[in-house]
Amino acid sequence: MEEIVKINTKNTTLLLKINDKVDLIYYGEKIYDEKDYSFLGQDIALRKCSSADDIDATPSIISFVGDGNNRETSVHIVDGFGNASLGFKVNRYYFTNEHLKMNGLPTAYGNEKFFVIEFKSSISKITLKKYFGFFDDCDVLTTGIIVENEGDANIFVRRLMSMQLDLIQGEYEIISLSGSWCNETNINRTELSKGVYSFGSYLGLSSNVHNPFFMIKNKSDNSCIASNLIYSGNHKEIFEKTELSGIRVMSGINDYLLNYEVLPNCSFASPESVFVCGNSEEETSEKMRDFVLKHIINPNFTNKERPIIFNSWEGLGFDINNKSIANLATVAKEIGIEVFVIDDGWFGGRNDDTSSLGDWYENEEKFNGKFCETAKLIKENGLKFGLWFEPEMVSINSEFYQNHSDYAMTIDGLTPIEIRNQIVLDITKEEVQNHLIESLSKNIEKYGIDYIKWDCNRGLTEIRKSGSYFYDYTVSLYKILDTITKKYPNIIMEGCASGGNRFDLGTLCYFSQIWASDNTDPLVRVDTQRGLFLGYPQVSATSHVAVSPNPHTMRKYKISDRFAISAVTNLGYELNLNNLSKSELEEIKTYNEFYKRYRKVLQFGNITTSYENHNDKRIIFTSVSKEKDLAVSVAVDLRCVFARIYDRVYINGLQDNYVYKVNSVFSDKVNNLEVTGKSIRKCGIYVGNFFTVDSATEYNDFLATEIFVFTKIGEV
Ligand code: GLA
């Protein structure tokens with residue numbers, strides 16, 4: 001048997017030739033049906049090679065140890081006899097509406113169409129199900145592999161990459177997001193040359209070092225493929241370029257230490273991978289963001305506008321009490337904040353970061369036994385109430401650890417490594433999972449919590465069951481999150497891991513938003529945000545207005561500039577409001593009113609990042625509504641350059657034949673201007689630069705912003 005199978009989405013085609021193996025014939029922009037596909041030269045290419053090279057010359061979507069590949073392979077499984085060459089051959093393939101069993105891993109939702117290729121080992125009773133899910137509306141395909149052990153002996157999964165795409169033509173560039181604490185998601189562009197280029201994470205979190213999202217751009221025609229993984233643990237991306245075969249691209253769970261024992265009649269699921277292609281970086285990004293919005297982010301929040309948050313951390317640190325909180329809550333309400341979050345320090349005996357994680361009950365001493373009343377007061381003030389937790393962690397100096405040291409992940413005879421004075425709970429144990437669910441539920445109900453900031457400030461170091469621990473940890477985390485989010489579907493869950501150390505699609509399946517970075521400096525946030533928007537919608541990230549000078553960089557910024565950068569994502573405040581003057585509070589109040597009026601488009605519009613005036617001197621984030629009747633641009637000058645005669649902003653994404661009323665927000669640079677979308681795109685609007693005399697003297701001149709609003713008033 002041999003058949004060409006075509007998997008179409010609205011604008012893309014994946015063509016597979018299936019006999020006892022699977023060749024990838026084409027992936028890209030949608031093509032018409034052809035009578036036959038021999039014109040692609042697939043078979044001719046094969047005839048030219050020696051048979052030993054066949055497998056290396058043939059692009060595919062899966063590869064096996066021992067199949068003749070001289071490259072990185074996507075599947076490495078060892079059977080009960082120690083064999084790694086298992087002779088996997090296609091047994092059957094079918095389209096189905098049924099979701100496969102994912103063993104507790106989260107998946108994209110909202111599609112009912114799958115294509116499954118079933119492989120069977122020729123020597124052991126092992127079945128592999130390689131599937132593709134298709135999401136027509138965003139052109140996205142998802143893919144992964146399920147391993148089923150149908151024999152009597154245990155088998156071992158050593159590598160199982162969710163996605164493999166072998167690309168044949170062009171010079172490719174990898175666009176990835178790398179960073180570190182306080183410096184997340186910087187855009188990294190890498191030219192591939194012969195050999196293997198790979199990145200991943202190794203401490204059990206998806207990490208801020210290398211985000212699982214990446215794009216691969218074909219430089220000959222600018223077309224792109226974007227990929228991400230629905231997984232929060234160790235991931236790995238591999239790109240191999242060889243003389244004969246173009247580029248092999250793979251993404252999946254990291255095989256570092258992986259040796260997962262699958263018992264008879266049990267299965268192992270790879271995380272679901274997500275990929276999409278488009279004709280340019282911008283188009284491909286847009287499809288990916290749209291997909292994340294519609295098919296990943298916790299569905300209870302798909303279209304829910306995110307509230308403005310006050311968070312106590314940067315302004316007050318551990319120095320919180322009834323009085324300071326009550327005062328702040330009153331001011332917060334007056335200036336239009338909607339959720340009041342008490343961050344670290346509210347529990348156990350926590351006065352600094354050396355104790356009390358695990359003691360998830362109110363800090364009696366700090367709050368004089370009146371924490372409940374404080375929570376009530378906040379709610380009576382008309383604010384929602386939020387609390388910070390770091391459930392996966394425990395301080396050795398805590399009551400909980402004294403009673404439950406067996407709940408921690410430790411190894412007999414080895415002193416556990418403390419990072420930020422804390423160690424990790426072994427959440428793979430059912431009793432630990434139950435304890436966390438119970439303790440969180442108790443707090444949620446006792447204080448009427450509306451919002452949880454779920455933090456995770458370190459990775460895993462004590463690896464006991466090495467072959468399976470990283471994977472089991474992640475699946476166990478999902479089990480806890482699944483239970484909590486199902487039990488309390490309206491609670492706003494904000495993910496955090498020292499900022500963006502776990503910013504990924506797995507996290508977003510449960511959380512409505514993620515704290516993108518601990519760095520609140522607007523200049524740094526510009527970089528963090530432009531990186532994130534390559535693969536994540538702005539509503540998935542939060543950014544807060546902090547104090548000036550900024551605590552991380554000591555740079556000074558105007559409130560308007562701090563607001564503008566935060567307003568590009570979900571807005572919040574993280575400074576001591578009691579230290580602000582009346583006029584500063586009034587200013588913030590006006591900004592909050594503006595934000596509420598336009599937050600639907602700011603949070604859910606299609607966001608584009610454009611660069612003007614050469615060398616990134618001006619960056620413009622523009623969010624356009626689906627109907628294109630409203631848009632908000634946050635324009636950022638990164639350098640003050642004088643005498644720019646033609647200093648205009650050009651905005652893409654508006655409707656050419658719509659007439660817009662355009663206004664600037666911080667100044668009267670643009671006042672009720674009436675102009676068509678096409679002129680805005682082609683001719684630009686003269687705006688000068690955004691620096692002012694006070695910004696140059698008082699604010700050190702690091703960055704200056706202006707916001708523009710475009711409202712449709714007619715058509716031509
Ligand atoms: C981490 C988070 C911060 C804050 C502190 C509290 O660093 O990223 O936002 O919550 O923990 O200890």
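Let us look at the structure shown here. Per chain, residues are indexed from 1 in the order of the written sequence. Local features in this predicted model are restricted to residues whose pLDDT is 70 or higher, and side-chain atom pairs enter the listing and the counts only when it is 80 or higher, whereas totals over whole chains, interfaces and linings include all residues. Side-chain numbers come from the whole structure's heavy atoms, not from hydrogens or water.

The next point concerns the overall build of the chain. A run of DSSP states H or I qualifies as a helix once it reaches four residues; a run of E qualifies as a strand once it reaches two. Both are numbered from the N-terminal end. The helix and strand tally for the chain stands at 16 helices and 38 strands. The quantity called the radius of gyration is restricted to C-alpha atoms. Its globule counterpart is 2.2 Å times the number of residues to the power 0.38. A globule of 716 residues ought to have a C-alpha radius of gyration of about 27 Å, and the chain, at 27 Å, matches this closely. Projecting the C-alpha coordinates of the chain onto the three principal axes gives extents of approximately 80 × 70 × 40 Å. Buried, partly exposed and exposed residues are distinguished by accessible area as a fraction of the type maximum, computed with a 1.4 Å probe on protein chains only: under 20%, between the cut-offs, and over 50%, respectively. Counting over 716 residues, the chain shows a buried share of 61%. When the accessible surface of the chain is split by element, carbon and sulfur atoms take 48% of a total near 27,300 Å². Only the protein chains shown count as cover for residues, with accessible areas throughout obtained via the Shrake-Rupley method and a probe of 1.4 Å.

Structurally, N351 can be placed in the loop between β22 (339-342) and α6 (364-367). Residue classification places N351 among the partly exposed residues on the basis of a relative accessible area of 48%. As a C-alpha pair, N351 and K366 span 15 residues in sequence and 8.7 Å in three-dimensional space. Contact between two residues is taken to exist if any of their heavy atoms lie within 4.5 Å; hydrogens are not considered. Contact partners of N351, with chain neighbours within four places excluded, come to F318, N363 and K366.

In this section: the sheet that holds strand β18 (residues 260-262). Pairing within the open sheet is antiparallel, and its three strands lie in the order β4-β9-β18. The sheet is open, and its two borders are formed by β4 (75-78) and β18, each paired with just one other strand. The sheet shows a mean angle of 30° between the axes of neighbouring strands, taken without regard to direction. Pairing geometry for β4 and strand β9 (residues 155-160), over four bridges, is antiparallel. What sits directly across from H76, in β9, is R159. Note on pairing: DSSP must find at least two bridges between two strands before they are called paired. What counts as an axis is a line fitted to C-alpha atoms, over the stretch in contact for a helix, and the angles between N-to-C directions run from 0 to 180 degrees.

Where helix α13 (residues 559-567) meets helix α14 (residues 582-604), the axes come as close as 11 Å, and the angle between the chain directions of the two elements is 20°. Judged by the inter-axis angle, α13 sits roughly parallel to α14. Along this stretch, α13 crosses α14, giving a crossing that reads as right-handed. Residues I559, S560, F563 and A567 of α13 touch α14, and the partners they reach there are E584, E587, I588, Y591, F594, Y595 and L602. All residues other than Ala, Val, Leu, Ile, Met, Phe, Trp, Tyr, Cys, Pro, Asp, Glu, Lys and Arg, Gly among them, are scored as polar; the first ten of these are nonpolar and the last four charged. Classifying every residue of the contact of α13 with α14 by side-chain character gives eight nonpolar, one polar and two charged. Any angle that is under 35 degrees is reported as roughly parallel, and any over 145 degrees as roughly antiparallel; angles of 65 to 115 degrees are reported as roughly perpendicular and all others as oblique. If you view the pair so one helix is near and one far, a crossing is left-handed when the near helix is turned anticlockwise from the far one by less than a right angle, and right-handed when it is turned clockwise.

This part is about the site of the ligand. Proximity is defined per residue: if any heavy atom of the residue lies within 4 Å of a molecule or strand, that residue is considered near it. Near the ligand there are 13 residues, and of these D343, D344, R420, K453 and D518 occur at the shortest range. One nitrogen or oxygen atom from the side chain of W388 is found 3.0 Å from an oxygen atom belonging to the ligand. Take W515: an N or O atom from its side chain is 3.4 Å from an oxygen atom of the ligand. Contact with the protein chains hides 96% of the accessible area of the ligand, taken as 300 Å² for the molecule alone. Grouping the constituent residues of the shell around the ligand by class yields four nonpolar, three polar and six charged. Between N or O atoms, a polar contact is any pair within 3.5 Å; within protein, one atom must be a potential hydrogen donor and the other a potential acceptor, and residues adjacent in sequence are included only when both atoms are from side chains.

With their axes 10 Å apart at the nearest point, helix α9 (residues 430-447) and helix α10 (residues 469-487) run at an angle of 30° to one another. Taken together, the axis directions place α9 and α10 in an arrangement best described as roughly parallel. Crossing handedness for the pair α9 and α10: right-handed. Facing α9, whose interface residues are E430, Q433, L436, I437, L440, S441, I444 and E445, α10 presents S476, K479, I480, T483, I484 and K487. For the contact of α9 with α10, a count of residues per class yields six nonpolar, four polar and four charged.

Another point: the pairing of strand β12 (residues 183-191). As paired strands, strand β11 (residues 172-180) and β12 are joined by seven bridges and run antiparallel to one another. Within the sheet, the bridge partner assigned to S180 lies in β12 and is N183. What sits between the antiparallel neighbours β11 and β12 is a turn of two residues, in which C182 has the positive phi angle 65°.

This paragraph deals with the side chain of T485. Residue placement: T485 occurs in helix α10. Take T485: its relative accessible area is 9%, and that puts it in the buried class. Reaching out from T485, the side chain makes a polar contact with the backbone oxygen of D482 at a distance of 3.3 Å. Excluding residues that lie within four positions of it along the chain, T485 makes contacts with N298, N300, M493 and Y510.

Strand order in the closed barrel formed by eight strands is β21-β22-β23-β26-β27-β28-β29-β30, and the pairing between neighbours is parallel. Taking the axes of each pair of neighbouring strands and ignoring which way they run, one obtains an average angle of 30° across the sheet. Both strand β21 (residues 309-311) and strand β30 (residues 570-574) contribute to a ladder of two bridges, which runs parallel. Bridge pairing in β30 links F310 to Y573. Against the sheet, helix α7 (residues 371-380) makes contact with β22 and β23 (384-389), and its axis sits at roughly 135° relative to β23, the strand it touches most.

So, about the packing of aromatic side chains. We call Phe, Tyr and Trp rings a pair once their centres come within 6.5 Å, taking the six-membered ring for Trp, and we label the pair stacked below 30 degrees between planes, edge-to-face above 60, and tilted otherwise. Across all of its chains, the model carries 47 aromatic pairs by this definition. Ring centres of F594 and Y598 lie 4.9 Å apart, and the angle between their planes is 45°; this geometry places the pair in the tilted category. Taken together, the residues F594 and Y598, both in helix α14 and four residues apart, mark about one turn of the helix. A single burial state applies to F594 and to Y598, both of which are buried.

Attention now moves to empty space enclosed by the protein. Gaps left between atoms are located by rolling a probe of water-molecule size over the structure's atoms. Whether a set of points on the 1 Å grid over the protein atoms alone is a cavity depends on a 1.4 Å probe fitting there but being unable to get out, while an open set qualifies as a pocket with protein on both sides within 12 Å along at least five of seven lines; lining residues are those with an atom within 4 Å of a point. Grid points are joined across faces, edges and corners, and a volume is the space filled by probe spheres set on the points. A full pass over the atoms with the stated rule returns five cavities of 30 Å³ or more. What the largest cavity holds in volume is close to 70 Å³. Lining of the largest cavity is provided by Y231, N234, I253, N254, Y256, L257, L258, S466, G467, S468, F470 and Y471. Residues that form the lining of the largest cavity fall into these classes: seven nonpolar, five polar and no charged. There is about 50 Å³ of room inside the second largest cavity. What lines the second largest cavity is simply T520, P522, R525, S543, H544, V545, A546, R562, I565 and S566.

It is worth stressing that arrangement in space is one thing and function is another; only the former is reported here.
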